[in-house]
Amino acid sequence: MKVPLEQLKREARQSQKLAEREMQLVSSGLAELIKRQSSLPAEEYTRILDGLIDKLKALKRKLEDSKQEEALLIQRSKQRAVDLNELSEFSSATQPEFQRWCHTRLERVLIDYMLRNGNVDTAKLILEKSNLEHFADSSLFALVMSTERELREQHSCRGALHWCAENRGALRKIESSLEFELRLQEFIEMIRVKKSPEAIAYAKKHLTAWSDTQLPRIQRAMTLLAFSPTTACPPYKHMFDVARWDGLAHEFRMVIFQLYNLPSQPLLHLLLQTGLSALKTPACQSDDPSERNRNCPVCQTDTLGKLAQGLPLSHHSNSNLVCRITGEKMNEDNPPMRLPNGYVYSLNSLTDMARKLGGKVKCPRSGQVYSLADAKKLFIS
């Protein structure tokens, strides 16, 4: 809900500023024209008046476009509110309507994931198939991706600084230093190409405004004038490092997500982590691969296990024994069987193995071979 509302506020604010600026110019021009009307030729008077009329017509077109955009954002907010309201009307999780709502929610989550990762074409295919354009914040993610690309690939702060200028009030409320970081990077780039006079003038104009909160960093930045971009001195070597551009791109993404109340992670990751947190056990963190359950998603360290790394362990009041061979739960119908070497497997897995190996069972962890009769049934109290 936050994204379209914030976009609506920004659109209304920009329309208001545009109207005030253009009307002030027209009013000033008209007042000047009235003062000079007695001394101006008729042709010049008509030309100036036509110019003012053209400005008003151009303003009208821009305001009409802005009004259409505002109407679209209002409609998008209404549709999202209706969708949320539907959730309160379901009485059972088995209702077909609730299942449909869940399927739609899954598609929204996938669209969010695709847009965040730059898979725009795939997101468009899902949007066209599911008719969920009102749930996709495509314009916002397009802005993020284009600005990140400009920072990382073109090493230019122009687009990011333009966005900061439009949202300076909001950035001030959250005490963000993004604009300072961008200005600092432009200062560093001037020093990199040996434009020291321009860099000093730039610092006086743009960096000194931040002296109340960033004075130590400004002082260190000014010291860069005495160093070469190839310096090995740690503090200044880091400031000259081109990897700073990646950091700026990441910070821009985090700031714009914060302004629009979007999570820093994709919704898909958050939902997966909710499920993974219920499965994570101390065995999942074992350094011994043989201790991990092949059917446990948390134990798959190269895939879903990465998402579970920072999650807490799940709380189980009653433990479940799972066979390491088949992944099946061991209970009274499939009791745990202890081999002479101490390892425990389910009766079904050992019976199936003995059928294939002529009455013998082979421990998958130690490699030792025993007769099926050597396995003893365990009783867990």
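Just so it is clear, the structure is predicted and the values come from calculations on it, not from any experiment. (Residues numbered from 1 in each chain as written. Predicted model: local features only at pLDDT ≥ 70, side-chain atom pairs only at ≥ 80, totals over all residues. Heavy atoms only, no water.)

A. A look at the overall build of the chain. A count of helical and extended segments in the chain gives 15 helices and seven strands. Computed over the C-alpha atoms, the radius of gyration of the chain is 33 Å, more than 25% above the 21 Å expected from 2.2 N^0.38 for a compact globule of 381 residues. With the C-alpha coordinates aligned to their principal axes, the bounding extent of the chain is approximately 120 × 65 × 35 Å. The burial tally for the chain puts 34% of its 381 residues in the buried class. Long-range pairs, those at least 24 residues apart, make up 57% of the contacts in the chain with a sequence separation of at least 6. Looking at the chain as shown, the accessible area adds up to about 23300 Å², and 54% of this sits on carbon and sulfur atoms. (Helix = DSSP H or I, 4+ residues; strand = E, 2+ residues; numbered from the N terminus. Rg over C-alpha atoms; globule rule 2.2 N^0.38 Å. Buried < 20%, exposed > 50% of the residue type's maximum accessible area, 1.4 Å probe, protein only. Contact = heavy atoms within 4.5 Å. Areas by Shrake-Rupley, 256 points an atom, 1.4 Å probe, with all protein chains shown as cover.)

B. Seen up close, the environment of R294. Here R294 is to be found in the loop between α13 (267-276) and α14 (304-307). A relative accessible area of 56% means that R294 is categorised as exposed. In this structure R294 touches Q300, R324, I325 and T326, once residues within four positions along its chain are discounted.

C. Representation of the side chain of R116 within the structure. Positionally, R116 belongs in helix α3 (residues 96-116). Within the local environment of R116, its side chain forms a polar contact with the side chain of D112, the two groups lying 3.0 Å apart. In this structure the side chain of R116 is engaged in a polar contact, spanning 2.9 Å, whose partner is the backbone oxygen of P263. Once residues within four sequence positions are removed from consideration, R116 is found in contact with F141, M145, R253, F257, L262, P263, S264, Q265 and P266. (Polar contact = N/O pair within 3.5 Å; in protein donor to acceptor, adjacent residues only side chain to side chain.)

D. Focus on the packing of helix α2 (residues 42-87) against α3. The interhelical angle for the contact between α2 and α3, taken along N-to-C directions, is 135°, at an axis separation of 10 Å. What the angle tells us is that α2 and α3 run oblique. The handedness of the crossing between α2 and α3 comes out as left-handed. Every residue of α3 that contacts α2 at D83, E86 and L87 is listed here: F98, R100, W101 and R108. Of the residues assigned to the contact of α2 with α3, the class counts are three nonpolar, no polar and four charged. (Axes fitted to C-alpha atoms, helices over the stretch in contact; angles between N-to-C directions. Parallel < 35°, antiparallel > 145°, perpendicular 65-115°, else oblique. Left-handed = near helix turned anticlockwise from the far one by under 90°. Nonpolar A, V, L, I, M, F, W, Y, C, P; charged D, E, K, R; others polar.)

E. Expanded view of the sheet that holds strand β3 (residues 336-338). Read from one edge to the other, the open sheet built from three strands follows the order β4-β3-β7, with strand pairing classed as antiparallel. The outermost strands of the open sheet, each flanked by one partner alone, are β4 (344-346) and β7 (376-377). Bridge analysis of β3 against β4 gives three bridges, and the strand direction is antiparallel. Across the sheet, the residue bridging to P336 is S346, located in β4. (Pairing = 2+ DSSP bridges.)

F. Structural context of a nonpolar patch on the surface. Taken together, the side chains of L30, I34, L49 and I53 define a hydrophobic patch exposed on the protein surface, amounting to about 310 Å² of accessible area. Take L49: it is sitting in helix α2. Looking at L49, the relative accessible area reads 31%, which means it is partly exposed. (Patch = residues over 30% accessible without salt bridge, like charges linked within 9 Å, V, L, I, M, F, W, Y side chains within 5 Å. Salt bridge = Lys/Arg side-chain N within 4 Å of Asp/Glu carboxyl O.)

G. Looking closely at helix α4 (residues 120-130). Residues of α4 that are buried: A123, I126, L127 and S130. Along the axis of α4, the buried positions cluster into a sector of 100°, meaning they face one direction only. For α4, exposure combined with an orientation more than 90 degrees from the buried face picks out D121, L125, E128 and K129. Looking at the buried positions of α4, the neighbouring elements they touch are α3 and α5 (138-152). Of the residues flanking the end of α4, it is N131, one or two places downstream, whose phi is positive at about 55°. (Arc of directions from axis to C-beta.)

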